[in-house]
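Close look at the chain arrangement
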Amino acid sequence: MSGTTRNKIAWVVFAFLAIGVGFYPILYWVTSEPFGLLLGKAPALLESHLWNIGFYGHITFGGIALLTGWSQFSKKLRSRKLKLHRNLGKIYVISALISGVCAVYIGFYATGGWITSLGFIGLGLVWLYTTFKAYLAVRAKDLGLHQGMMIYSYAACFAAVTLRIWLPLLTLAFGEFLIAYKIVAWLCWVPNIFFAYFWVRKKGISLV
């Protein structure tokens, strides 16, 4: 199999996962009973209006960020439909910032205690920082910094996908959801950031 073919397959898988998980939050809106991660939350938390705003804001705008962000890495889109690329980029930045703020807030209430909370709060802060830096860079017409920070930003965003890959595997491996969830709070995004680091280095992008 040639390198070009492998790259095409990787791109299709990448887009498929981003789109699939991007639509996943719809299930929370159409299901009347507690569903998914809500099953492990205390009744008092589920009745909190502020927490619900944070939770649904996070998953909804996070889904939109996933759905719009993957296309930003398409060279064809950037070269042939620059206006669409920019508009999708604006939607991504707004969605990522809203979802990131919500993520930091609900991270304090994460199942599993302080280990899980620190993992998800850290993810939210990294996502906010890299997204905002990418926005400031494109405003300053520093396209290299913008591209590099967008790679980091979407690596953080893609944690929504890697979490759903790792969590069932870890739950099977340890035989307990709570242990798996504490690990996945870090595993879903730290390797992604390392991947982004090597990708940025390979592209020769300077972030200084």
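Provided above is the structure to which this section pertains.
Residues numbered from 1 in each chain as written. Predicted model: local features only at pLDDT ≥ 70, side-chain atom pairs only at ≥ 80, totals over all residues. Heavy atoms only, no water.

Section: helix 9 (residues 159–174)
As a reminder of what qualifies: Secondary structure follows DSSP: runs of H or I at least 4 residues long count as helices, runs of E at least 2 residues long count as strands, and numbering of each begins at the N terminus. Every helix has an expected span of 1.5 Å times one less than the residues it contains. Think of it in three bands: with a 1.4 Å probe and only protein chains considered, a residue is buried below 20% of the maximum accessible area for its type, exposed above 50%, and partly exposed in between.
Its 16 residues give helix 9 an end-to-end C-alpha distance of 21 Å, which sits within 8% of 22 Å, the value for a rise of 1.5 Å per residue. The complete set of buried residues in helix 9 reads A159, V161, T162, L163, L167 and L170.

A few points about the nonpolar core
We count it as follows: Here, nonpolar core means buried Ala, Val, Leu, Ile, Met, Phe, Trp, Tyr and Cys residues that are tied together by side-chain atoms lying within 4.5 Å of each other. We call two residues in contact when some of their heavy atoms are within 4.5 Å.
Counting residues in each nonpolar core, the largest one holds 41 residues, and the members touching the most others are L66, Y92, F120, Y154 and C188. Secondary structure elements with two or more residues in this core: helix 1 (3–23), helix 4 (49–69), helix 6 (82–107), helix 7 (114–139), helix 8 (143–157), helix 9, helix 10 (177–187) and helix 11 (190–203). In terms of residues, this core owes the most to one element, helix 8, which gives 9 residues. The residues contacting L66, other than those within four sequence positions of it, are A18, V21, G22, Y154, C157, F158, A160 and V161. Core analysis: the second largest hydrophobic core is formed by 7 residues, Y28, L38, I59 and I106 among them.

Side note on the environment of Y24
Following the sequence through the fold, Y24 ends up in the loop between helix 1 and helix 2 (26–30). Sequence separation of Y24 and A44 is 20 residues, and the distance between their C-alpha atoms is 25 Å. Residue contacts for Y24: discarding those within four places in its chain leaves F35 and R164.

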